[in-house]
Amino acid sequence: VGYKAGIVIGLLVAAAGALMIFPAAQMGIYMLFLVALFILASGIVLLARAAAADLYPPERRAHGISLVLFGALFGAALGPLVFRPLLAGKELDADSLVVPYLAAAAIMVVGLVIVTRVRPDPSVYARRISTAPPPVSAAA
């Protein structure tokens, strides 16, 4: 089916997991909270990274993967700075700690919109690259 369908479904499931955290915290249901975290921590990001890597031609794929991983590292390093204003000046109880998860669900919806706009599906492009004849070097 391609990467796009899997990424869309994964983002929807992850957003649902992020939204489940709010009622779990409100009702104090620890098991629901753990299930929501498990759903949120799905491997959809790994699939999106693989799709991004497939958009690069084979001779430039290593460089593409390095850019994707640098972006992931950059996001992980700056993530706390993004969510810090959401928690500034608040008492850190269960209700205030839910806010970053609601923001994460919104960010996943934005990602979902971006993924649905990607044309063609990265797997189609990857198949097209893999069936193309190998590039001829100047030395040959």
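Note that the structure is predicted; figures quoted are calculated from it, not measured. (Residues numbered from 1 in each chain as written. Predicted model: local features only at pLDDT ≥ 70, side-chain atom pairs only at ≥ 80, totals over all residues. Heavy atoms only, no water.)

1. Notes on the layout of surface pockets
What counts is decided by this rule: Only protein atoms enter the 1 Å grid, on which a cavity is a set of points fitting a 1.4 Å probe that cannot get out and a pocket is an open set with protein on both sides within 12 Å along at least 5 of 7 lines, lining residues being those with an atom within 4 Å of a point. Grid points are joined across faces, edges and corners, and a volume is the space filled by probe spheres set on the points. A run of DSSP states H or I qualifies as a helix once it reaches four residues; a run of E qualifies as a strand once it reaches two. Both are numbered from the N-terminal end.
In this structure, the largest pocket spans a volume of roughly 940 Å³. Forming the boundary of the largest pocket are 31 residues, of which Leu11, Val45, Ala48, Ile107 and Met108 lie nearest the centre. Counting only elements with at least two residues in the lining of the largest pocket, the list comes to helix H1 (3-27), helix H3 (44-54), helix H4 (61-87) and helix H6 (99-116).

2. Quick notes on the nonpolar core
Cut-off, in case you're wondering: Take the buried residues of types Ala, Val, Leu, Ile, Met, Phe, Trp, Tyr and Cys, join any two whose side-chain atoms come within 4.5 Å, and each joined set is a nonpolar core. The cut-offs for exposure are 20% and 50% of the maximum accessible area for each residue type, with area from a 1.4 Å probe on protein chains only; residues under the lower value are buried, those over the upper are exposed, and the others partly exposed.
Core analysis: the biggest nonpolar cluster contains 19 residues, and Ile7, Leu11, Ala18, Ile21, Leu40, Met108 and Val115 have the highest contact counts within it. Among the elements that take part in this core, H1 stands out by supplying 9 residues, more than any other.

3. Details of the environment of Lys4
Residue placement: Lys4 occurs in helix H1. You can call Lys4 buried: its relative accessible area is 19%. Here the alpha-carbon distance between Lys4 and Val115, two residues 111 residues apart in the chain, equals 6.8 Å.

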